[in-house]
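Structural overview
So you can see what is in the structure, the chains are spelled out below.
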Amino acid sequence: MTRAISLHDVSKAYTRDVRVVDRLSLDIAPGEFLVLLGPSGCGKSTVLRMIAGLEEITEGQLLLDGEYANDLIPSERDMAMVFQNFALYPNMTSRGNIGFPLRIEAPGEDPAPRVDATARMLGIEDLLDRLPGQLSGGERQRVAMGRAIARHPSAFLMDEPLSNLDAKLRNHLRAEIAALTRQLGVTTVYVTHDQTEAMSLGDRVAVLRGGVLQQLDTPRTVYALPRNVFVAAFIGTPRINLLRGIVRAPLDGAMTISLGKQYLRLPEPLSLDHQLLRVQQGREVIVGLRSEAVRIAKPAAARPGEVAISGLVEHVEFQGHEILVHFNTGSRPAVVPDLEAPRPTARPNRRRRREGTVLDRFRDRAGALRAGPVVVLDDPAEPTPEAAPAEARLPGDLVVRTTPDIDLRRGMHVPLLVDIAHLFVFDQHGERICPTPARLPDLDE
Ligand SMILES: Nc1ncnc2c1ncn2[C@@H]1O[C@H](COP(=O)(O)OP(=O)(O)OP(=O)(O)O)[C@@H](O)[C@H]1O
Ligand SMILES: [Mg+2]
């Protein structure tokens, strides 16, 4: 029997005034694979532990199959947890480890048939008589999965179960987990800070930031229609390019978004989305361009909907099947606090230190600001862009993905085409305004 799991306005406060999970509501359907995704410290494990009954719920309700479950002890919830640091009993064989919960649950019964069936499912029959010390990390993790599965729980709760494994094994086990949970049809809540893992596993992905739900949607929708700049930046590799822009919408001319030294001229007739941008006239916005929205080509090669800009090659990252080209287009990147891994472009130290203080200030004001701005545009401590010395500018502000056959070197000026159909615009608070939020996602189903 698989479960529906619902959280209604669930909060957690370890200390009186800081909510590490803030009014979280989620409805997880029976059999659904839901991923909780977010940077370190955003509250993912806390949510999982509240569902498991290992952590008390400070406020709000947990419902299991529609029944109030806040006060149930863990064993009454009939869920199996798999942790990052899977603890196997070192003095028991794999067989003993997998059978252990079965022996506790039904002391009179012989666990062997279930253990064998589980081992077959996981392809670990030949490991059953080994001790954990005689297994590789991946094999141990499979045994730990076996221990969770053998019980036939009504839900799986997995907390970064793959993060201790090397990349190749992680990919392999990721595919296995996906296949296995679908086959078993058991409701699964899976915690990770790895967006690739989230996107490839989840039926839906819940993106958390500072304990606050940012978006809950299918992987396709969070990628194609991120609610805000945080979600846009957290999901997708290479990370979306986020540039500060100013909307220019003169009554008698073309509408443009100025990007510092260059501008994007919005194609006419203006789409509905772009017409709605008019109200932003004169305001600072954040332009989001995923790497597939920009290609290297001359203006003459522009297809309908593409507009020309140019960039100075700063850095070329060879990746084998493709290359990532870091361009300087003379614009200024927007800074999104709380993102885990900053984009790996070389940044002058001075700048980095200053960004550090902005981040720190955000963290200091954690309580109130956990749900606060998702973007820093107007930092009073920062000099205005005009006043900032040229060398403080980041070397690359736009990353473009291209095939490896193009020979590009640092210092080259290169023509670029931006596909305006893939343009995102976010407002001063980081909320998406283009494509308009009202536009219904027609991507799923
Ligand atoms: N027992 C505790 N007492 C006080 N604060 C705690 C406790 N456990 C967690 N926290 C805090 O709650 C916040 C959320 O922690 P949590 O472990 O849920 O984050 P997470 O998203 O799982 O992070 P990670 O990806 O690093 O595992 C953090 O700021 C953490 O410091
Ligand atoms: Mg955690």
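So, here's what we can say about the structure.

The rules behind the values
Residues numbered from 1 in each chain as written. Chains lettered and ligands numbered in written order. Predicted model: local features only at pLDDT ≥ 70, side-chain atom pairs only at ≥ 80, totals over all residues. Heavy atoms only, no water. Pairing = 2+ DSSP bridges. Helix = DSSP H or I, 4+ residues; strand = E, 2+ residues; numbered from the N terminus. Axes fitted to C-alpha atoms, helices over the stretch in contact; angles between N-to-C directions. Near = heavy atom within 4 Å. Polar contact = N/O pair within 3.5 Å; in protein donor to acceptor, adjacent residues only side chain to side chain. Areas by Shrake-Rupley, 256 points an atom, 1.4 Å probe, with all protein chains shown as cover. Nonpolar A, V, L, I, M, F, W, Y, C, P; charged D, E, K, R; others polar. Parallel < 35°, antiparallel > 145°, perpendicular 65-115°, else oblique. Left-handed = near helix turned anticlockwise from the far one by under 90°. Contact = heavy atoms within 4.5 Å. 1 Å grid on protein atoms, 1.4 Å probe; cavity = no way out; pocket = protein on both sides within 12 Å on 5 of 7 lines; lining within 4 Å. Points joined across faces, edges and corners; volume = space filled by probe spheres on them. Phe/Tyr/Trp six-rings, centres within 6.5 Å; stacked < 30°, edge-to-face > 60°. Buried < 20%, exposed > 50% of the residue type's maximum accessible area, 1.4 Å probe, protein only.

**Remarks on the sheet that holds strand β21 (residues 432-434)**
Here 6 strands make up an open sheet; going across it, the order is β13-β12-β11-β14-β20-β21 and the pairing antiparallel. The open sheet has two free edges, formed respectively by β13 (262-265) and β21, since each of these has just one partner strand. With strand direction ignored, the average angle separating the axes of adjacent strands in the sheet is 40°. Across 3 bridges, the pairing between strand β11 (residues 241-248) and strand β12 (residues 256-259) is antiparallel. The residue of β12 that forms the bridge with valine 247 is isoleucine 257.

**Structural notes on the site of ligand 1**
Every residue lining ligand 1 is accounted for by Tyr14, Val20, Pro39, Ser40, Gly41, Cys42, Gly43, Lys44, Ser45, Thr46 and Glu160. Between ligand 1 and serine 40 there is a distance of 2.5 Å, counted from an oxygen atom to a side-chain nitrogen or oxygen. Protein contacts shield 57% of the accessible area of ligand 1, which totals 640 Å² for the unbound molecule. Here the shell around ligand 1 gets 3 residues from one element, more than from any other, and that element is helix α1 (residues 44-52). Class assignment of the residues belonging to the shell around ligand 1 gives a composition of 4 nonpolar, 5 polar and 2 charged.

**Things to note about the packing of helix α3 (residues 94-105) against helix α5 (residues 137-150)**
For the pair α3 and α5, the least separation of the axes is 8 Å and the interaxial angle reads 25°. With respect to α5, the element α3 is oriented roughly parallel. Taken as a pair, α3 and α5 cross one another with a handedness that is right-handed. Contacts from Ser94, Asn97, Ile98, Pro101 and Leu102 of α3 reach α5 at Val143, Gly146, Arg147 and Ala150. Here the contact of α3 with α5 is built from residues that sort into 5 nonpolar, 3 polar and 1 charged.

**Observations regarding the layout of surface pockets**
Of the volumes computed, that of the largest pocket is approximately 720 Å³. Lining the largest pocket are 23 residues, and of these Met79, Ala80, Met81, Pro101 and Arg151 lie nearest its centre. Those elements that place two or more of their residues in the lining of the largest pocket are α2 (74-77), β6 (79-82), α3 and α5.

**What to know about the environment of arginine 103**
Here arginine 103 is to be found in helix α3. On a C-alpha basis, the gap between arginine 103 and arginine 151 in space is 9.9 Å, while along the polypeptide they are 48 residues apart. Once you skip the residues sitting within four places of it in the chain, arginine 103 turns out to touch Met92, Gly96 and Pro111.

**Points about the sheet that holds strand β10 (residues 212-217)**
One open sheet accounts for 6 strands, arranged β6-β7-β8-β3-β9-β10; its pairing is mixed. In this open sheet, the two strands that pair with only one neighbour each are β6 and β10. Strand after strand, the sheet turns through a mean of 15° between neighbouring axes, direction not considered. As judged from the 5 bridges shared by strand β3 (residues 33-37) and strand β8 (residues 187-192), these two strands associate in the parallel manner. Of the residues in β8, the one forming a bridge with leucine 36 is valine 191.

**With respect to the packing of aromatic side chains**
Per the counting criterion, the structure on display carries 4 aromatic pairs. Summarising the aromatic geometry, the rings of phenylalanine 230 and phenylalanine 234 are spaced 5.7 Å apart at their centres and angled 20° between planes, so their arrangement reads as stacked. Of this pair, phenylalanine 230 and phenylalanine 234 both sit in helix α9 (residues 229-234), 4 residues apart, which is roughly one turn of that helix. Just as phenylalanine 230 is buried, phenylalanine 234 falls in that class too.

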